[in-house]
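Spelled out, the chains give:
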Amino acid sequence: MLQKPCVKCQSGKSVYSRSYSGETLCKNCFLSSIEDKTRKTISKYSMLQHDDRVAVAVSGGKDSLSLLYVLKNIFETSHRATPIAITVDEGIKGYRNESLEIVKQFCANLRIENKIVSYKELFGYDMDRAILERPSNKMSSCSICGTFRRRAIDLAAEEVGANVVATGHNLDDQIQTFMINMISGDVQRIGWTSPQSVGSKFHTQRKIKPFCEIYEQEIVFYALLREIPFQTEDCPYMNESIRTQIREFINALEKERPGIKYNLYNSASKISDNLKTFSNHIDSKKCATCGRIATSETCSVCKTLSILERNTNYAE
Ligand code: SF4
Ligand code: ZN
C-alpha cells in the first residue's frame, strides 16, 4: 500500500509510484500525466496537422485501445474529426476472435467506425495456414505476420481515406525494435523507427506513434484505471520471436536500475535520427508483381507470398 501523498495535487491518495522519477501520483494525476505526455509527444514531433484524417490501428490490446481512447478525447477538445479504428484479423484460431469482439464493443461504445481487414481476404493466406506452409527454417511467424500487417494496415487506411495511421507502440516497443534491428544488422530499418520520421516515400500514409515515450507498464495501468477492456492472452506464435527475450532482459535491467529504459530510448532515438537521412536516400521502386512502392524489384509481401506458394506446391 502506497503511503506517500500525490506529488502533483497533495491529495494524499497516491496509487502509482514512478520509480525512475521518484514521483507518487493519485489516480487523476496519473491519468492526466499519460494524456498530457501523449499531447506533448504529438506536438514535439509535429505528428499531426489540423486537417489530417487519422486511422488508429487497433488490435484489441491495452496499447491500441488506450491510444484510441486518448486520441478520441484529444481530438474532441481540439475540434478534429473523430479517428477511425482499423483492425487486422490475422486468422489465428483461438486468439484473434476474442480481441475482434472487444474492439467491436469498445468502438460501438465510443461511437467510432471500425474497419476490419483480414490476411485471408487480402493475401489468400491466414496466419495458421502460413505457419503450416512456410519453410520453417527460413521464416519466423512474426516476420510473415509483420510483413502482412504493415500492408494490411496501409490498404485499410487507404480504404477509409486516412492520410495518417497512429499505432500504439510504446517506449518499450521502440527500444525492443531498435535492439532487434541492431542484432539483425538492419541499419536501414533503424532510420525508419525514429519518432521524427513521420513521413516516408515507402508508405502512402504518415505513421505516428503517440505513446512512443511512455513505458509499457504505465499504459497497462492507464487501461486498468480507465477500465478499458483489453485482451490479455498472448499470441500462440509469439515465442518464436527474439522480442520476448529482449523484453525480459530489458525489464530485468530496469528493475535493478530504474530509468535505464529512458536512457536506451534516448540513445536509440538519436541514432535513428542520424540514420534517417541515410534510410530516406534509398530509392523507391515499384514492385514488379503488385505495383506498390517497394525498396527492391519485388516487395516483401510478394516475396513472402511467392515463398509460401512455392512451398505449398512442393508439398502437394
Ligand atoms: Fe503476429 Fe507474431 Fe504478433 Fe502473433 S506475436 S500476432 S505472429 S506478430
Ligand atoms: Zn508486391
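Residues numbered from 1 in each chain as written. Chains lettered and ligands numbered in written order. Predicted model: local features only at pLDDT ≥ 70, side-chain atom pairs only at ≥ 80, totals over all residues. Heavy atoms only, no water.

**Some points on the overall build of the protein**
Counting its regular elements, the protein contains twelve helices and nine strands. By its C-alpha atoms, the protein is 70 × 40 × 40 Å across when sized along the principal axes. Within the protein, buried positions represent 49% of all 316 residues. Sequence separation of 24 or more characterises 73% of the internal contacts of the protein that already satisfy a separation of 6 or more. Summed over all atoms, the accessible surface of the protein reaches about 15,900 Å², with 50% contributed by carbon and sulfur. (Helix = DSSP H or I, 4+ residues; strand = E, 2+ residues; numbered from the N terminus. Buried < 20%, exposed > 50% of the residue type's maximum accessible area, 1.4 Å probe, protein only. Contact = heavy atoms within 4.5 Å. Areas by Shrake-Rupley, 256 points an atom, 1.4 Å probe, with all protein chains shown as cover.)

**Things to note about the nonpolar core**
By size, the foremost hydrophobic cluster in this structure holds 49 residues, and its most contacted members are L48, L65 and L68. In terms of residues, this core owes the most to one element, helix α2 (residues 62–77), which gives seven residues. In this structure, L48 is in contact with I42, V54, F75, R80, V164, R206 and I208, ignoring residues within four places of it in sequence. Ranked by size, the runner-up nonpolar core spans 34 residues in total, among them I153, V160, V165 and Y237. (Core = buried A, V, L, I, M, F, W, Y, C linked by side-chain atoms within 4.5 Å.)

**Observations concerning the coordination of the zinc ion (ligand 2)**
All of the protein donors around the zinc ion (ligand 2) are C287 (SG), C290 (SG), C299 (SG) and C302 (SG); their distances to the metal are 2.2 to 2.3 Å. Coordination at the zinc ion (ligand 2) is tetrahedral, judged from the four donor atoms that bind it and the angles of 103 to 114 degrees they form at the metal. Taken in sequence order, the residues that donate to the zinc ion (ligand 2) follow the motif C-x2-C-x8-C-x2-C. Among the residues examined, C290 registers a relative accessible area of 36% and is labelled partly exposed. (Donors = N, O, S within 2.8 Å, 3.2 Å for Na, K, Ca; no water. Tetrahedral: all angles 85-135°; square planar, octahedral: opposite > 155°, others 65-115°.)

**Quick notes on the packing of aromatic side chains**
Counted under the stated rule, the structure contains nine aromatic pairs. Aromatic pair Y20 and Y215: ring centres 4.7 Å apart, planes at 40 degrees, arrangement tilted. Of the two residues, Y20 is situated in the loop between β1 (14–18) and β2 (23–26) and Y215 in the loop between β7 (206–208) and α9 (216–225); the sequence distance between them amounts to 195 residues. For Y20, a relative accessible area of 25% translates into the label partly exposed. Arranged with centres 5.3 Å apart and planes meeting at 40 degrees, the rings of Y215 and Y262 form a pair that is tilted. Of this pair, Y215 sits in the loop between β7 and α9 while Y262 sits in helix α11 (residues 260–280), and the two are 47 residues apart along the sequence. (Phe/Tyr/Trp six-rings, centres within 6.5 Å; stacked < 30°, edge-to-face > 60°.)

**Observations concerning unusual backbone geometry**
One non-glycine residue, S46, lies in positive phi territory at about 45 degrees. If you trace the backbone, S46 turns up in the loop between α1 (27–44) and β3 (54–57). Residues other than glycine seldom take positive phi values, yet H79 does so here, at roughly 55 degrees. Relative to the helices and strands, H79 resides in the loop between α2 and β4 (84–89). Classification of H79 by relative accessible area gives exposed; the value is 69%.

**Quick look at the domain arrangement of the protein**
Along its sequence, the protein is carved into domain 1 (31–281) and domain 2 (283–316). A separation of 24 Å is found between the C-alpha centroids of domain 1 and domain 2. Between domain 1 and domain 2, the residue contacts involve 21 residues of the former and 17 residues of the latter. Note on domain 1 versus domain 2: buried area summed over both sides is about 1,600 Å², and carbon and sulfur give 63% of it. Linking R292 and E158 is a salt bridge whose minimum nitrogen-to-oxygen distance equals 2.7 Å. (Domains from an automatic or database assignment. Buried area = accessible area lost by both parts, 1.4 Å probe. Salt bridge = Lys/Arg side-chain N within 4 Å of Asp/Glu carboxyl O.)

**Notes on the packing of α2 against α9**
Contact geometry of α2 with α9 gives a least axis separation of 9 Å together with a crossing angle of 65 degrees. Crossing of α2 over α9 shows left-handed handedness. Taking contact as the criterion, the partners of K62, D63, S66, Y69 and V70 in α2 are, on α9, E216, I219, V220, Y222 and A223. Grouping the constituent residues of the contact of α2 with α9 by class yields six nonpolar, one polar and three charged. (Axes fitted to C-alpha atoms, helices over the stretch in contact; angles between N-to-C directions. Left-handed = near helix turned anticlockwise from the far one by under 90°. Nonpolar A, V, L, I, M, F, W, Y, C, P; charged D, E, K, R; others polar.)

**Let's talk about the sheet that holds strand β5 (residues 114–118)**
Here we have five strands laid out as an open sheet, ordered β5-β4-β3-β6-β7, and parallel in their pairing. Of all strands in the sheet, those bounded by a partner on one side alone are β5 and β7. Between one strand axis and the next, the sheet turns through 30 degrees on average, direction left out of account. Examined bridge by bridge, β4 and β5 share five bridges and lie parallel to one another. Pairing of A85 across the sheet is with N114, part of β5. Each of β4 and β5 is contacted by helix α3 (residues 96–110), which is oriented at about 170 degrees to β4, the strand it contacts most. Across the face of the sheet, helix α6 (residues 141–160) comes into contact with β3, β4, β5, β6 (164–166) and β7 while running at roughly 145 degrees to β4. (Pairing = 2+ DSSP bridges.)

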